[in-house]
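Report on the structure
Single-letter residue listing:
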Amino acid sequence: MVAERARVLNMVQAINEALDLALARDERVLVFGEDVGRLGGVFRVTEGLQAKHGEARVFDTPLAESGILGLAIGLAMGGMRPVAEIQFAGFLYPALDQILSHLGRWRHRSRGRVGLPVVVRAPYGGGVHTPEQHADSPEALLAHAPGVKVVIPSSPERAKGLLLAAIEDEDPVFFLEAIKLYRGSRAEVPEGYYTLPLGRARVVREGGAATLIGYGGMVEVMLEAAEVAAKEGVEVMVVDLETLVPLDEDTLLEAVRETGRAVVVYEAMRTGGFGAEVAARIAEGAIDYLQAPVVRVAGYDAPYPPFSAIEHHYRPSAKRVLAALRRVLTH
Amino acid sequence: MKPKVVQYLDKGEFPLGEGEALALYRAMRRARFFDEKAVTLQRQGRLGVYAPFMGQEAAQVGVALALGEKDFVVPSYRESALLLARGLPIHTLLLYWRAHPAGWRFPEGVRAVNPYIPIATQIPQAVGLALAGRYRGEDWVVATSIGDGGTSEGDFHEGLNFAAVFNAPVLFLVQNNGYAISVPRAKQMRVDYIARRAEGYGMPGVVVDGNDAVAVYLEAKKAVERARKGEGPTLLEALTYRLAPHTTSDDPSRYRTREEEETWRAKDPLLRFRRALEARGLWDEEREGELLAQLEEEFARELALADSVPEPRPEEIVEHVYAEMGPDQRRAWEALRQGRHVEEVW
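Anyway, here's the lowdown on the structure attached to this text. Chains are numbered independently. Their residues run from 1 in the order of the written sequence. To label them, take the chains in the order written and letter them from A, then take the ligands in the order written and number them from 1. In keeping with the predicted nature of the model, local features appear solely for residues at pLDDT of at least 70, side-chain atom pairs appear and are counted solely at 80 or more, and the whole-chain, interface and lining totals rest on all residues. Note that the side-chain values use all heavy atoms of the structure and ignore hydrogens as well as water.

**Let's talk about the overall build of chain B**
For clarity, the cut-off: Numbering goes from the N terminus for both helices and strands, where a helix is a DSSP run of H or I of at least four residues and a strand is a run of E of at least two. Restricting the calculation to C-alpha atoms gives the radius of gyration, and the globule rule supplies 2.2 Å times the number of residues raised to the power 0.38. For every residue, the accessible area obtained with a 1.4 Å probe (protein chains only) is divided by the maximum for its type, and the residue is called buried under 20%, exposed over 50%, and partly exposed between those limits.
When helices and strands are tallied, chain B shows 13 helices and eight strands. Relative to the compact-globule value of 20 Å for 346 residues, chain B shows a C-alpha radius of gyration of 21 Å, a close match. Overall, the C-alpha framework of chain B stretches about 70 × 50 × 45 Å when taken along its three principal axes. Expressed as a percentage of its 346 residues, the buried residues of chain B come to 56%.

This is the structure in structure tokens:
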């Protein structure tokens, strides 16, 4: 890790910087997807990269998600390190066959001969009044695909280092970026090339009363709830899982054992969401320490509502997290 | 206008040199030999479910031999002939169809990727592999193959469009064998020739008599040359027929007639090519006998090699999921290695 001077950047700028550095560092790295070239991406994450690195390295593809994933797989088989962008994570569905049948299986089905160092970046999540389908959080679908990794950063500084690590990784990595954080989060980001290890959860706030567990766009929601609780004299721990697959179960369980109470927060639909996996792991590994049932704060069992006036009822808020916290504290 | 179906043998034309003609025949004969042995082994319970290709040797071998050493094949599951002709050892292929992990790791240097079960998903991947060659300054061409049924899948269309847009060096072989398991071509699409679709993507489409080894081989060579010169992809439709069932678990008598099968049996690509060779004094009963003896010996040797591979270890289940095992695989691996269930050690 090369930590140099830091500047305040938002997540779009931090990810752009990471891609720029990766393209400059390794000629096998390619950046492609829909509108990523001339336009610089609908969120401007790839802005300026085509002009700087050329049309061969940063290019637009036809509008076909399965084709994009298939292309990435073939390029990786041929020795390249593709970084594909899917415009919104909710548009990944046409590519699920490529992901489930191939991307995550190639190393296994070739018995280690062919690994696929593919990174798929996709914005996900709500809170910014996007149209239908644009706010989906399909991380549980991806986490259920054997052979892929799933990484969800929660700040610009983490995003840059984790993305560079994902590009260096020898296995396929889904890198989901919370749309809410793109311009809504700003932080000091070190200059230059640095990586942060995948597969580690981190405690972002200490506290002994209960443990809040989440990732991506939910980290700031949990921190906000923790602030409010602190004002009432209740110090809670906040854990950012950061990598869902492979999951850092040790850090997770340790954090729960310390407080004996856990609230899991995720903005996908509740049933079968990744929070359900977290709750199950806690039940398997820390039941003796629990003083209250694990409570999930999640989206409702319905499609993410495209109705902007009521969207905020679906997406977990600090208020809802506090209500759940009250439940585990008073059990 | 009906596309012209390219063929040579029925017209009595034979524009091949002796060396390449004999190489083509030997590879086809070897493939047929394998196919027959594989079906027998399956019946004996010494192979898992197997997808025979009998009747499609000309289409697969013709394309395989049109490729250069550095070129790749990205096959579907019925393409054992393509794999054999590209140099995959028989014992590896046997282990593959035995569903033994050792058969899933193709030897280094064999420019073939593992066959695919999901339909058409290999098509956009072949395009990516072809482009990777261009990035790396290699002029490798990728030949990928699919059946007529597979062309109904979205990935077929996305892949062809990508190939045309990126001018990728790919040969798309469609083995039009008339059926998607039981569904005939006419119930699969309303277009008479699949090669017609090529124009819609902006690439040449060629129809060949897929049971005419000369036609497939020469048209595939043209497509490979075009691709290598940077002129982009070609869709090659080979009209053929699978004389055998879809897989060893299938019963084709439920969906096609004996008469139809007999009509196609008369067009057996192996016999047609052999007759053409014999007519030119390039082949005879004696040479055939010698070749069969060689093949018998080779197969026995390869089968013994496959049989000598030990049973897979239970812990192989969680090996090679990632370059480095994650904590969940590690724990399962330890349990399986100790002959225990993961729940006992979790």
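**Focus: the sheet that holds strand β14 (residues 295-299) of chain A**
Residue and element names in this part refer to chain A. Filter applied, for reference: For two strands to pair, DSSP has to find at least two bridges joining them. Axis lines are fitted to C-alpha atoms, over the contacting stretch for helices. Their N-to-C directions set the angle, which ranges from 0 to 180 degrees.
With mixed pairing, five strands are arranged side by side in an open sheet as β9-β11-β10-β13-β14. Two strands close off the open sheet at either side, each with one partner strand: β9 (202-205) and β14. Taking the axes of each pair of neighbouring strands and ignoring which way they run, one obtains an average angle of 25° across the sheet. Note that β9 and strand β11 (residues 237-240) share three bridges and pair antiparallel.

**Digging into a negative patch on the surface**
Residue and element names in this part refer to chain A. Operational definition: Without a salt bridge and with relative accessible area above 30%, a residue can belong to a patch; like charges are then joined within 9 Å and nonpolar side chains (Val, Leu, Ile, Met, Phe, Trp, Tyr) within 5 Å. With residues, only the protein chains shown are counted as cover, and all accessible areas are computed by Shrake-Rupley using a 1.4 Å probe. One side-chain nitrogen of Lys or Arg within 4 Å of one carboxyl oxygen of Asp or Glu is enough to make a salt bridge. By the counting scheme adopted, Arg and Lys are positive, Glu and Asp are negative, and His together with the chain ends is not counted. For charged residues, the charge sits on one atom: NZ in Lys, CZ in Arg, CG in Asp, CD in Glu.
Together, Glu206, Asp250, Glu254 and Glu258 give the surface a local cluster of negative charge. Here Glu258 shows up in helix α10 (residues 249-259). A residue is classified by how much of its surface remains accessible, and Glu258, at 53% relative accessible area, is exposed.

**Structural notes on the interface of chain B and chain A**
Basically, it comes down to this: Contacts are residue-level and defined by heavy atoms, with any inter-residue pair within 4.5 Å sufficient. The term buried area means the drop in 1.4 Å probe accessible area that two parts suffer when joined, counted for both and summed. N or O atoms within 3.5 Å of each other form a polar contact, as long as, within protein, one can give a hydrogen and the other can take it, and as long as residues adjacent in sequence are counted only when both atoms are side-chain atoms. Under the scheme applied here, ten amino acids are nonpolar (Ala, Val, Leu, Ile, Met, Phe, Trp, Tyr, Cys and Pro), four are charged (Asp, Glu, Lys and Arg), and all others, including Gly, are polar.
Opposite the 45 residues of chain B that make contact, chain A presents 43 residues. Buried area between chain B and chain A, summed over both chains or domains, comes out near 3,500 Å², and the portion from carbon and sulfur atoms is 59%. Its largest share of buried area at the contact with chain A, chain B owes to Tyr135, Phe162 and Tyr322 of chain B, together 20% of the area lost on that side. Counting across the chain B and chain A interface gives two salt bridges. Ionic pairing is found between Arg331 of chain B and Glu249 of chain A, a salt bridge with its closest N-O pair at 3.0 Å. Inspection of the chain B/chain A interface yields 24 residue pairs in polar contact (both at pLDDT 80 or more). Of all the secondary structure elements, the ones that give two or more residues to the side of chain B that touches chain A are α5 (122-135), α6 (154-165) and α12 (327-337) of chain B. With eight residues, the top contributor of residues to the side of chain B that touches chain A is α5 of chain B. Partitioned by chemical class, the residues of the side of chain B that touches chain A number 27 nonpolar, eight polar and ten charged.

**Digging into the sheet that holds strand β12 (residues 243-245) of chain A**
Residues and elements named next belong to chain A. The strand order across the open sheet formed by seven strands is β3-β2-β4-β5-β7-β6-β12, and the pairing between neighbours is mixed. In this open sheet, the two strands that pair with only one neighbour each are β3 (58-60) and β12. Averaged over all pairs of adjacent strands, the angle between strand axes in this sheet comes to 20°, irrespective of strand direction. As judged from the six bridges shared by strand β5 (residues 119-124) and strand β7 (residues 173-178), these two strands associate in the parallel manner. Note that in β7 the partner of Val120 across the bridge is Phe174. Set on the sheet, helix α3 (residues 65-77) makes contact with β2 (29-33), β3, β4 (81-85) and β5; between it and β2 the angle comes to about 170°. The strands touched by helix α7 (residues 156-168) are β2, β4, β5, β6 (149-151) and β7; relative to β7, the strand with the most contacts, the crossing angle is about 160°.

**Concerning the pairing of strand β7 (residues 205-209) of chain B**
Residue and element names in this part refer to chain B. Our working definition: For the handedness criterion, the strands are oriented away from the viewer, and a crossover whose path from the first strand over the helix to the second runs clockwise is classed as right-handed.
Most of β7 sits inside the fold, with four of its five residues counted as buried. Summarising the sheet, strand β1 (residues 5-6) and β7 pair through two bridges and their orientation is parallel. Bridging across to β7, Val5 finds its partner in Val207. Between the parallel pair β7 and strand β8 (residues 234-239), the chain is carried across by helix α8 (residues 213-228), and the sense of this crossover is right-handed.

**Looking at the packing of aromatic side chains**
Short version of the rule: Pairs were defined over the aromatic rings of Phe, Tyr and Trp, the Trp ring being its six-membered one, requiring ring centres within 6.5 Å. Orientation was assigned from the angle between planes: stacked under 30 degrees, edge-to-face over 60, tilted for the rest. Lysine NZ or arginine CZ positioned within 6 Å of the ring centre and within 35 degrees of the ring normal marks a charge as sitting over the ring.
Here the structure, examined in full by the defined rule, presents 23 aromatic pairs over all chains. Geometrically, the ring pair formed by Phe43 of chain A and Tyr182 of chain A is tilted, given 4.9 Å between the ring centres and 50° between the ring planes. Pair noted here: Phe43 of chain A is in the loop between β2 and α2 (49-53) and Tyr182 of chain A is in helix α8 (residues 179-184), with a separation of 139 residues, a long-range link. For Tyr182 of chain A, a relative accessible area of 2% translates into the label buried. Plain terms: the ring middles of Tyr241 of chain B and Trp264 of chain B are 5.2 Å apart, the flat faces sit at 5° to each other, and that makes the pair stacked. Of this pair, Tyr241 of chain B sits in the loop between β8 and α9 (258-265) while Trp264 of chain B sits in helix α9, placing them 23 residues apart in sequence. When its relative accessible area of 3% is taken as the criterion, Tyr241 of chain B is described as buried. Taken together, the aromatic side chains of Phe33, Phe34, Tyr50, Tyr96, Trp97, Trp104 and Phe299 of chain B make up a single cluster linked through ring pairs. Over the aromatic face of Trp333 of chain B sits the side chain of Arg330 of chain B, whose NZ or CZ is 5.8 Å from the ring centroid.

**Describing the packing of helix α1 (residues 18-43) of chain B against helix α2 (residues 57-66) of chain B**
Residues and elements named next belong to chain B. To keep things clear, this is the line we draw: When an angle is under 35 degrees it counts as roughly parallel; over 145 it counts as roughly antiparallel; between 65 and 115 it counts as roughly perpendicular; any other value is oblique. Working rule for handedness: look at the near helix, and if it is turned counterclockwise from the far one by less than a right angle, call the crossing left-handed; if clockwise, right-handed.
At a closest axis distance of 10 Å, the pairing of α1 and α2 adopts a crossing angle of 130°. Of the possible angle classes, the one that applies to α1 and α2 is oblique. The way α1 lies across α2 gives a crossing that is right-handed. Of the residues in α2, those touching α1 at Ala23, Leu24, Ala27, Met28, Ala31 and Arg32 are Glu57, Ala58, Val61, Gly62 and Leu65. Looking at the contact of α1 with α2, its residues break down into eight nonpolar, one polar and two charged.

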